Protein chains: 2
Amino acid sequence: MDMKQRIAEANEEVVRRLTSGLPVLVDIAPAGEIIPGMQDKMITHSGPPIEWSRMCGAQQGAVIGMVIYEGWAENPEEARALLDRGEIHLEPNHPHSTVGPMAGTISPSAPVWVVENRTFGNRAFCRQVEPRQQFGDYSPEALDGLRRWRDVWAPTLREALLHTGGVELNPIIIQALQMGDELHNRHSASSSLFANQMAVAISRADIPRDRALPTLEYLAGHNLLFLGLAMAAGKAIADPARGVESSSLVVAMCRNGTEFGIQVSGLQEEWFVAPAPAVDGLYLPGFAPTDAGLDMGDSAIAETVGWGAFALGGAPGILALVGGTPEDALGYTREMKRITTATHPTHRMPALGFEGTSVGIDIRKVVQTNISPIIDTAIAHREAGHPIIGAGLVRAPLECFKDALRAFGERYAS
Amino acid sequence: MDMKQRIAEANEEVVRRLTSGLPVLVDIAPAGEIIPGMQDKMITHSGPPIEWSRMCGAQQGAVIGMVIYEGWAENPEEARALLDRGEIHLEPNHPHSTVGPMAGTISPSAPVWVVENRTFGNRAFCRQVEPRQQFGDYSPEALDGLRRWRDVWAPTLREALLHTGGVELNPIIIQALQMGDELHNRHSASSSLFANQMAVAISRADIPRDRALPTLEYLAGHNLLFLGLAMAAGKAIADPARGVESSSLVVAMCRNGTEFGIQVSGLQEEWFVAPAPAVDGLYLPGFAPTDAGLDMGDSAIAETVGWGAFALGGAPGILALVGGTPEDALGYTREMKRITTATHPTHRMPALGFEGTSVGIDIRKVVQTNISPIIDTAIAHREAGHPIIGAGLVRAPLECFKDALRAFGERYAS
């Protein structure tokens, strides 16, 4: 069997794994209880590995926020001092079967969504999605959102979930893709559908009104709620596709606001990184591109499994947030077919005649076509201390794919 | 001022009314308590006026169902005998500020959605949406759905609603149009968003779990729930546009399965009718076009105010139900611009670059272009006693518009 055919067969196996996942929400538990390798005085972050001093302003701000939230420091100055002295252990999320939106910071007491891939038995984790601390805001208001999640919303949802025994996520994902969500920046449908299931579960578990009502209000008012679930599901779907010898398909794309990194199935745990790109997007009033940090977050796990900008053509409602026309959106989605290997059998887009989403980014195709994966994203401030300032689209840097292809060639040349 | 300008000004006023409605769900009450003119031994029905003997099989079946549901007869034979003797008073919904899906039958004890148009102070009513009795099925299972609505779901929702003080429907309508609903055959988003709000209201009103839980399950499991609300909202929006002297715009389109009827603002309460058309659609397993009844229901109030097939281009998810391609759907929506007067300022469709829906069907434009309004619809059996058998698209008969234009010419010729 020649190398080309070996790669084709390996890629077929990776696509089989990427398209056969059965993600089920099984728990919402404190990170320290559930994430393998999570320790005291440890914070995980989005993107490829990076030390404290090289982190961008927003990610530093988010880490400072977690240090205060955990009570390891009283204020930002104390937190910075601890971090400067290296007393807080920082690690990327991905090696811990974990993902996080934007700065992606997770500390031991923060409850995370726990999603099990029933086809392969693996679990993945993602933190709460909110518009402040994950963007680098460490104000008391920002940290209050984390505390409400820890003390009220997450334990209430956990109790309801454990009482009713898990929520299958594919039915929600499939419906949401038919309701104009692309499952990265737009989660209006998925969040609403999930909220209704949890309302039934909360009633079934007979949770007292003093916790049920604020949790129902949280669910009904949070139209990006499902992003955390979609990210955990994406990670749970992508992880079993890792480490398939000879496969040239991408199994992770993520960014820490300083660097963009990818991992390739046949190249094990090696990171291929390039400087994080600037985002092309729309800004909230009072902000401009000169305020913006560079691309950040593990949320590109969505595009890695075929959602997000890969499904933009089916989600034109998002254009009010990121800019562009419905024709642009359909164009991006069609373009992504040129760098992928298969279409998903059940994740379908009505606006494209119920065609499946494009799955299996092939580093060879990216380099051959010079077409880089397009990604929906939000925009953080370049300095620490701010909530969200905008949203837009970004292209993964071609250099990551070129470097990966070079390494792939070296490894599999013989 | 010449006649042409008088018509233009009248139509502008009608469009102003059609686009400035503020529908609010204010109650869910038994028809006999709330619908003006509803009496004992009376059943209202969809479409233009029609006597019992000329009703189609499905509408007869639905009327029989209501007679048994009310306890006026023990079985279908007794019910038919009562109806044959003229002992049940039958009237169309529309003159009672009311609409109903498919057969549209409403009897005194049936709870109806009560929607108030806050801009004009008028109220409109619509019955529960379900897949059996409204299609002509009078089996015990079909009637059990009406009883559960009357005894559990409607009173629970009423209590929650009255406790929290009404639900504004425009925010749901606006969001749903951006989430792939067209607000006639597809209500996945609107139903889910409404259910989120009612879950909060049920908790706020502290309704006991034995009624709260089945109601939450009903809400979470009924993806056409909002159709009744959209129809009541459409009727509440359209009614203030009636009776504007010199206006050539349509204020009602409806069908009773025998005849299709329209009303025109400048022609007061006169009906212009033609034989109900056959539906072009997809059938549930085991059914074929030879089983189908003709077009039926007041639900074309959706198209009358710019939703339904007029917004099909923004709702490609529906094509799995009614057939066709996304390009067909966009084509229908663009075509409807040619027979309408304005675009809605806030009811927008992302897939059409956030353009507003087409509002104000002008009988002159319909006749000039030979383009008849297109309508999303469901399909009932031609005989009494069956639940839903399919769904599809239908064109309003041109004859209604030609007759109306003739009458309009006679009235305003001088």
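This one's a predicted model, so the numbers in the text were calculated from it and none came from an experiment. (Residues numbered from 1 in each chain as written. Chains lettered and ligands numbered in written order. Predicted model: local features only at pLDDT ≥ 70, side-chain atom pairs only at ≥ 80, totals over all residues.)

*Asks:* Just give me the short version of the overall build of chain A, but keep the residues and values in it.
*Replies:* Across its full length, chain A holds 14 helices and 16 strands. Against the globule reference of 22 Å for 414 residues, chain A gives a C-alpha radius of gyration of 20 Å, in line with a compact fold. Taking the principal axes of the C-alpha coordinates as reference, chain A spans close to 60 × 50 × 40 Å. Relative to all contacts within chain A whose residues are 6 or more apart in sequence, the contacts with residues 24 or more apart total 74%. (Helix = DSSP H or I, 4+ residues; strand = E, 2+ residues; numbered from the N terminus. Rg over C-alpha atoms; globule rule 2.2 N^0.38 Å. Contact = placed C-beta atoms within 7 Å.)

*Asks:* Residues and numbers for the confidence of the model for chain A, please.
*Replies:* Low pLDDT means the predicted atomic positions in that stretch should not be read closely. Of the residues in chain A, 100% reach a pLDDT of 70 or more, and the chain-wide mean stands at 97. Confidence metrics for the complex model read pTM 0.97 and ipTM 0.95. (pLDDT = per-residue confidence, 0-100.)

*Asks:* Mind laying out the pairing of strand E8 (residues 250-256) of chain B, listing which residues take part and the relevant values?
*Replies:* Residues and elements named next belong to chain B. With respect to burial, E8 is a largely interior element, seven of its seven residues being buried. Pairing of E8 with strand E9 (residues 259-264), which is carried by five bridges, proceeds in the antiparallel orientation. From the neighbouring strand, Cys254 faces E9, where its bridge partner is Gly261. Hairpin connection, E8 to E9: the antiparallel pair is bridged by two residues, and Gly257 has positive phi, about 90°. Direction of pairing for E8 relative to strand E12 (residues 296-297): antiparallel, over a ladder of two bridges. Looking across to E12, one finds that Asn256 is bridged to Met296. (Buried ≥ 20, exposed ≤ 12 C-beta atoms within 10 Å, placed from the backbone. Pairing = 2+ DSSP bridges.)

*Asks:* With reference to specific residues and values, describe the domain arrangement of chain A.
*Replies:* All names here are of chain A. Segmentation of chain A into domains returns domain 1 (21-233) and domain 2 (243-412). Between the C-alpha centres of domain 1 and domain 2 the distance comes to 21 Å. In this complex, domain 1 contributes 43 residues to the contact, which on the side of domain 2 involves 45 residues. Broken down by secondary-structure element, the contributors of at least two residues to the side of domain 1 that touches domain 2 are helix H3 (57-69), helix H6 (170-177) and helix H9 (225-238). A per-class count over the side of domain 1 that touches domain 2 returns 21 nonpolar, 16 polar and six charged. (Domains from an automatic or database assignment. Nonpolar A, V, L, I, M, F, W, Y, C, P; charged D, E, K, R; others polar.)

*Asks:* Mind laying out the sheet that holds strand E6 (residues 123-127) of chain A, listing which residues take part and the relevant values?
*Replies:* All names here are of chain A. The strand order across the open sheet formed by five strands is E4-E6-E5-E1-E7, and the pairing between neighbours is mixed. Here the strands that pair on one side only, and so sit at the sheet edges, are strand E4 (98-99) and strand E7 (167-168). Sheet topology places strand E5 (residues 111-117) next to E6; five bridges connect them, and they run antiparallel. For Trp113, the partnering residue across the bridge sits in E6 and is Cys126. Of the strands in this sheet, strand E1 (23-30), E5 and E7 are in contact with helix H5 (residues 140-164), which crosses E1 at around 140°. (Axes fitted to C-alpha atoms, helices over the stretch in contact; angles between N-to-C directions.)

*Asks:* Tell me about the packing of H5(A) against helix H7 (residues 188-204) of chain A, residues and numbers included.
*Replies:* All names here are of chain A. Look at H5 against H7: their axes get within 8 Å of each other, and the N-to-C directions meet at 80°. In this view, H5 runs roughly perpendicular relative to H7, as classed from their interaxial angle. Between H5 and H7, the contacting residues are Thr156, Leu157, Ala160, Leu161, His163 and Thr164 on the first element and Met198, Ala201, Ile202 and Arg204 on the second. (Parallel < 35°, antiparallel > 145°, perpendicular 65-115°, else oblique.)

*Asks:* Before we move on, can you summarise the nonpolar core with the specific residues and values?
*Replies:* Ranked by internal contacts, the top residues of the largest apolar core, which has 282 residues, are A:Ala232 and B:Ala232. For B:Ala232, the contacting residues outside a window of four places in its chain are B:Val99, B:Trp113, B:Val115, B:Ala124, B:Phe125 and B:Cys126. (Core = buried A, V, L, I, M, F, W, Y, C linked by C-beta atoms within 7 Å.)

*Asks:* Just give me the short version of the interface of chain B and chain A, but keep the residues and values in it.
*Replies:* Residue-level contacts link 33 residues of chain B with 33 residues of chain A. Secondary-structure elements contributing two or more residues to the side of chain B that touches chain A are helix H7 (188-204), helix H8 (209-220) and helix H11 (319-322) of chain B. Per element, the largest residue contribution to the side of chain B that touches chain A is 11 residues, and it comes from H7(B). For the side of chain B that touches chain A, the per-class residue count stands at 18 nonpolar, 11 polar and four charged.

*Asks:* Go over the sheet that holds strand E11 (residues 280-283) of chain A, please, and point to the residues and values.
*Replies:* All names here are of chain A. Pairing in this open sheet of three strands is antiparallel, and the strands run E11-E16-E15 from one edge to the other. The outermost strands of the open sheet, each flanked by one partner alone, are E11 and strand E15 (374-379). The mean angle between the axes of side-by-side strands here comes to 15°, regardless of whether they run parallel or antiparallel.

*Asks:* Residues and numbers for the environment of A:Thr258, please.
*Replies:* Here A:Thr258 lies in the loop between strand E8 (250-256) and strand E9 (259-264). Taking the C-alpha atoms as reference points, A:Thr258 and A:Glu70, 188 residues apart in sequence, are found 25 Å from one another.

*Asks:* Mind laying out the relation of the copies chain B and chain A, listing which residues take part and the relevant values?
*Replies:* Its rotation angle being 180°, the transformation that places chain B on chain A also includes 0.0 Å of axial translation and leaves an RMSD of 0.0 Å. The operation mapping one copy onto its partner corresponds to a two-fold rotation axis. Judged by C-alpha distance, B:Met179 is the residue of chain B that lies nearest the rotation axis, at 2.5 Å. With an isologous cut-off of 70% or more, the 100% of interface residues of chain B that recur at the interface of chain A puts this contact in the isologous class. (Least-squares fit on C-alpha atoms with pLDDT ≥ 70 in both.)

*Asks:* Break down unusual backbone geometry for me, with residues and values.
*Replies:* Across residues other than glycine, the phi torsion is negative in most instances, and most of the peptide bonds are trans. Residues and elements named next belong to chain B. Backbone geometry at Met102 places phi at a positive 50°, although glycine is not the residue there. Structurally, Met102 can be placed in the loop between strand E4 (98-99) and strand E5 (111-117). The buried category is assigned to Met102, around which 30 C-beta atoms lie within 10 Å. The backbone phi angle of Phe354 is positive, close to 65°, even though this residue is not glycine.

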